[in-house]
Amino acid sequence: MATATDPTTSTPDRDCDVVMKGGITSGVIYPGALHEIAKTYRIRGIGGASAGAIGAAVGAAAEFGRASGGFGRLAEVPGQLGDGALGRLFQPQASTAPLLPVMLAVTGNDKPGPPSTGLKKTWAVVRALVTSFPLATFLGGVPGLALMVLAAHVWGWRGLAGVVGGIAAALLAGALFAWGARRVTHNAKVWMVAACVPAVALVVIAGDRHGWTRVALVCVGLVVALLGGAAGIAVRLYGMVTTDLPENVFGICRGLGRDGSHPGFTDWLGDQIDVIAGLPLDGPPLSFGQLWAGPVAPAPSAGQAAAEFGTGGDLDPQEAADADADAARRAATERHIDLRMVTTSLNEGRPYEMPWDVRRFFFDATEWRTLFPERVVQAMVDHPPAAPTAPSAAQRWAQDDAAAAANNPPLTRLPDPEHLPVIVATRLSLSFPLLISAVPLWSIRYQAAEAGPVVAGPAVTPAEAPPAPAAPAAPAAPAPRVVSFRRLLFTDGGFCSNFPVYLFDAALPAHPTFAINLGSFAAGRAADPDQTNNLQWSLDNAAIPQPYSEIPSTGVGAVGGFASAAFNTARNWQDSSYLGFPGYRDRIVRVLQTKTEGGLNLHMERETIDGLADRGRAAAAALVGQFDALTYPSAGVPDSQSGWDNHRWVRYRALLSSLPAWLDSYRRGKAALDIDPAGPPSYPLGAQEAELAAALTGCLDDLADEVVTGQDEKPAALAALTSKPNPRGALRRVPKI
């Protein structure tokens, strides 16, 4: 609880950005870390993906409500999740409820403590399947049970019970004996054969006393019952995975509480964001516009910003959206709190950064009421109409909105970014596949009235425009087109970028960007009581060790380990590349966790959650200390410059080392451009644009000439400039996600 002496209630005179990695329940690390950072820095930009998006949302809310104790309220959040409260937030729907215990058992996370392995895990999976699908198990085993009843009828219940019990006991004893022996000798095949000896002996004795027909009938009945039960489970499981799970938007939990007794994680998180921000729960939820403006005045709309900066001309909807996005990006530097997250559009196979610049998404309010609290959906429905990206687009937007309203199901355009509730973007980012349902959105699709490619009309400069007619002409009707909508599923942002360190990057930093990464202890290592020893961070410009995944060399584990490593590499290669990169490595701290901590451990005990929260505080303290401590020399004076001084210099040196190659490629490409700026094939320049473009081009030409001079006259200096720091980077133009 924040008090009058809590340093987080006052605003520090230094700014920072914070980026956090995804990790499901590992998000309990972040409240303590953000509270620690807030003692020294005002959080200007904050972002992440998946669980990192949760940390970003509550961190932005805490900064918004700083003066009223927002960070104190944030620090209390991990304490609310002990004693089973964390697990109760994940409430499956009735149609998918049997899948949750099975999923947790398969991953070994069906109970507190270390993940189950070996026979314990196998038994946990079998138990979860049988208890989750009792009727299917019984119906599948009916034929085998019928055979056993027949045996009892011709033999007697005592004989049946004796043989069945004896066989079961012998098999269990043999299995345990084989398992224990294998742990010692690792000679599995020999001991598994030996384990069958008691059961075989019992069957021989029973056959000699009671007749082989009766014994065979019992054994066949047992086998048929077991196989039938397994088949019944398989049929029910197949139906649930192929029908119920897709109908639940590919998630076991939609996120809302099923009754009023306990909230689901979306209800709970939405309330937490508003409580931490100091907003009433009977009002609209916290929005991005409120964060941008701060706790004083509403933010200007993106459409107003576009009008202020000017889009000019009759633009194609996509061009208009791009112009509006450019205006919004310029305004981003003035945001009081800049919250950013990442989500993944599975249908389009790409990530998106939120709040997004695109304006073509719609939502189905009826379906969203099954994913979001009513007050959130109502705020979305009641938001001011999204502003057209240009005055000339107003008629098109009206037609598109009318088509959306007439669609089946009826659709509503997403609000302008400043009116988007923070909980909506957070939920879009944390939709962990299979555990948490994806979020459906609908995309508008423009098509020509006739089949064939969509072609934009010719663009002309003002000088080339035809003369105005003597009398004003009636406005031309929009070109004929067909408007259709297609459903998109948005899931976990961590699928494409689980650790988006780059979210707030600039050519040179004006303030630090701290990044909190997650990792695992090496095999056999436990957490240290001193939380500082459970962290990894860079000292003296050293690289952080790359993550390492052990891949077994034989057995089923080898195939599974290889597949898992391949998937994680495809998903995390970009994020892992930053760990050794100059200008990144010294602002990253990796928080190590055991197998009992974070991840899918929904049943973490209070002591475990408290330990992770303390580890988060230690991680933040390590980063702040790394940047504040005077540990670098200057002009021969040891320990006279801070880590922040060194970081800025490394970023500058890294930029200088990358510029010559980029400028040389610019020079060669410019020589081949051979296009008259007065008559380009597309994207013509207006008079003022052409003047500015010429000035910028002249500057670039001069810089490229300096590189040529260096190659000819100072090759050693140029080689030295571009050789450090290592590894070297490359400048390139890339799309904004």
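Quantities reported herein were computed from a predicted structural model and do not represent experimental measurements.

Criteria and cut-off values
- Residues numbered from 1 in each chain as written.
- Predicted model: local features only at pLDDT ≥ 70, side-chain atom pairs only at ≥ 80, totals over all residues.
- Heavy atoms only, no water.
- Helix = DSSP H or I, 4+ residues; strand = E, 2+ residues; numbered from the N terminus.
- Buried < 20%, exposed > 50% of the residue type's maximum accessible area, 1.4 Å probe, protein only.
- Contact = heavy atoms within 4.5 Å.
- Areas by Shrake-Rupley, 256 points an atom, 1.4 Å probe, with all protein chains shown as cover.
- Polar contact = N/O pair within 3.5 Å; in protein donor to acceptor, adjacent residues only side chain to side chain.
- pLDDT = per-residue confidence, 0-100.
- Phe/Tyr/Trp six-rings, centres within 6.5 Å; stacked < 30°, edge-to-face > 60°.
- Lys NZ or Arg CZ within 6 Å of the ring centre and 35° of its normal.
- Pairing = 2+ DSSP bridges.
- Axes fitted to C-alpha atoms, helices over the stretch in contact; angles between N-to-C directions.
- Parallel < 35°, antiparallel > 145°, perpendicular 65-115°, else oblique.
- Left-handed = near helix turned anticlockwise from the far one by under 90°.
- Nonpolar A, V, L, I, M, F, W, Y, C, P; charged D, E, K, R; others polar.
- Salt bridge = Lys/Arg side-chain N within 4 Å of Asp/Glu carboxyl O.
- Right-handed = clockwise from strand over helix to strand, strands pointing away.

1. Let's talk about the overall build of the chain
Helix and strand counts for the chain stand at 24 helices and 15 strands. For the chain, the proportion of its 737 residues judged to be buried stands at 44%. Contacts in the chain between residues far apart in sequence, at least 24 positions, make up 78% of those at least 6 positions apart. Counting only carbon and sulfur atoms, one obtains 62% of the accessible surface of the chain, whose full area is about 36600 Å².

2. Notes on the side chain of S50
Considering the arrangement of structural elements, one finds S50 in the loop between β2 (42-49) and α2 (51-64). Polar side-chain contacts of S50 include one of 2.8 Å to the side chain of D492. If sequence neighbours within four positions are ignored, S50 has contacts with G22, G23, S429, L430, D492 and N498.

3. Observations concerning the confidence of the model for the chain
Averaged over all residues, the pLDDT of the chain is 82; the fraction at 70 or higher stands at 79%. Low pLDDT, under 50, characterises residues 297-327; the stretch is placed with 40 contacts to residues that sit more than four places away or in other chains. Predicted confidence is poor over residues 456-471, with pLDDT under 50, and the contacts of this stretch with residues over four places away or in other chains come to 6 contacts.

4. Remarks on the side chain of D416
Checked against the element boundaries, D416 lands in the loop between β7 (412-413) and α19 (422-429). In this structure the side chain of D416 is engaged in a polar contact, spanning 3.1 Å, whose partner is the backbone nitrogen of A387.

5. Side note on the packing of aromatic side chains
Going through the model one piece at a time under the given rule, you end up with 20 aromatic pairs. Aromatic pair F581 and Y584: ring centres 5.7 Å apart, planes at 35°, arrangement tilted. Of the residues examined, F581 reaches a relative accessible area of 25% and is grouped as partly exposed. You can call Y584 buried: its relative accessible area is 12%. Aromatic ring contacts, followed pair by pair, group Y41, F514, F627 and W644 into a single cluster. Taking the ring centre of Y352 as reference, the NZ or CZ of R350 above it sits at 3.8 Å.

6. A closer look at the pairing of strand β13 (residues 588-593)
Taken across its 6 residues, β13 has 6 buried, putting it largely inside the fold. Along β13, one buried face is formed by I588, R590 and L592 and the opposite face, lined by V589, V591 and Q593, is buried too. Bridge count between strand β11 (residues 513-520) and β13: 6 bridges; the pairing is parallel. When the sheet's bridge partners are listed, A515 is paired in β13 with I588. Taken together, the 3 bridges between strand β12 (residues 535-537) and β13 define a ladder with antiparallel strand orientation. The residue bridging L535 from the neighbouring strand is V591, located in β13.

7. Side note on the environment of G108
Note on placement: G108 falls in the loop between α5 (99-106) and α6 (118-132). Take G108: its relative accessible area is 0%, and that puts it in the buried class. As for G108 and T122, which are separated by 14 residues in sequence, their C-alpha atoms are 9.4 Å apart. Apart from the residues within four sequence positions on either side, G108 is in contact with P114, P115, S116 and K121.

8. Some points on the packing of helix α22 (residues 643-673) against helix α23 (residues 687-713)
The contact between α22 and α23 brings their axes to 9 Å, and the two run at 115°. Looking at the two axes, α22 sits roughly perpendicular to α23. As α22 runs across α23, the sense of the crossing is left-handed. Here P660, W662, L663, D664, Y666, R667 and K670 of α22 lie close against α23, whose contacting residues are T697, L700, D701, L703, A704, V707, V708 and Q711. A breakdown of the residues in the contact of α22 with α23 according to their chemical character gives 9 nonpolar, 2 polar and 4 charged.

9. Description of the pattern of salt bridges
As enumerated under the stated definition, the model contains 26 salt bridges in all. Its salt-bridge partner being R44, residue D15 comes within 3.3 Å of it at the nearest N-O pair. In this pair, D15 is assigned in strand β1 (residues 15-20) and R44 in strand β2, connecting sequence segments 29 residues apart. Taking the relative accessible area as the measure of exposure, D15 reaches 22% and is therefore partly exposed. Across the pair R359 and D416 runs a salt bridge whose closest N-O atoms are separated by 2.1 Å. With a gap of 57 residues between them, R359 in the loop between β5 (350-354) and β6 (361-363) and D416 in the loop between β7 and α19 connect regions that are remote in the sequence.

10. So, the packing of α2 against α19
Packing of α2 against α19 leaves a shortest axis separation of 8 Å and a crossing angle of 165°. Taken together, the axes of α2 and α19 lie roughly antiparallel to each other. Our pair here, α2 against α19, has a crossing hand that is right-handed. Judged by residue contacts, A53, I54 and A57 of α2 engage V422, T426 and S429 from α19. Looking at the contact of α2 with α19 residue by residue, the classes come out as 4 nonpolar, 2 polar and no charged.

11. Quick word on the pairing of β1
Burial of β1 is extensive: 5 of the 6 residues sit out of reach of the surface. The handedness of the β1 to β2 crossover, carried by helix α1 (residues 30-38), is right-handed. With 4 bridges connecting them, β1 and β11 associate as parallel partners. The partner of M20 across the bridge, within β11, is I516.

12. Considerations on the environment of G228
Position of G228 among the secondary structure elements: in helix α11 (residues 212-247). A C-alpha to C-alpha distance of 7.5 Å links G228 and T137, two positions 91 residues apart in sequence.

13. With respect to α19
α19 sits mainly inside the fold: 8 of its 8 residues count as buried. Residues V422, I423, V424, A425, T426, R427, L428 and S429 constitute the buried set of α19.

14. Considerations on unusual backbone geometry
Cis peptide bonds are those with omega within 30 degrees of zero, and the linkage from M354 to P355 qualifies with 0°. As for its position among the elements, P355 is in the loop between β5 and β6. Cis peptide bonds are those with omega within 30 degrees of zero, and the linkage from K724 to P725 qualifies with -5°. Secondary-structure assignment places P725 in the segment after α24 (715-723). Not every positive phi belongs to a glycine, and D83 is a case in point at roughly 55°.

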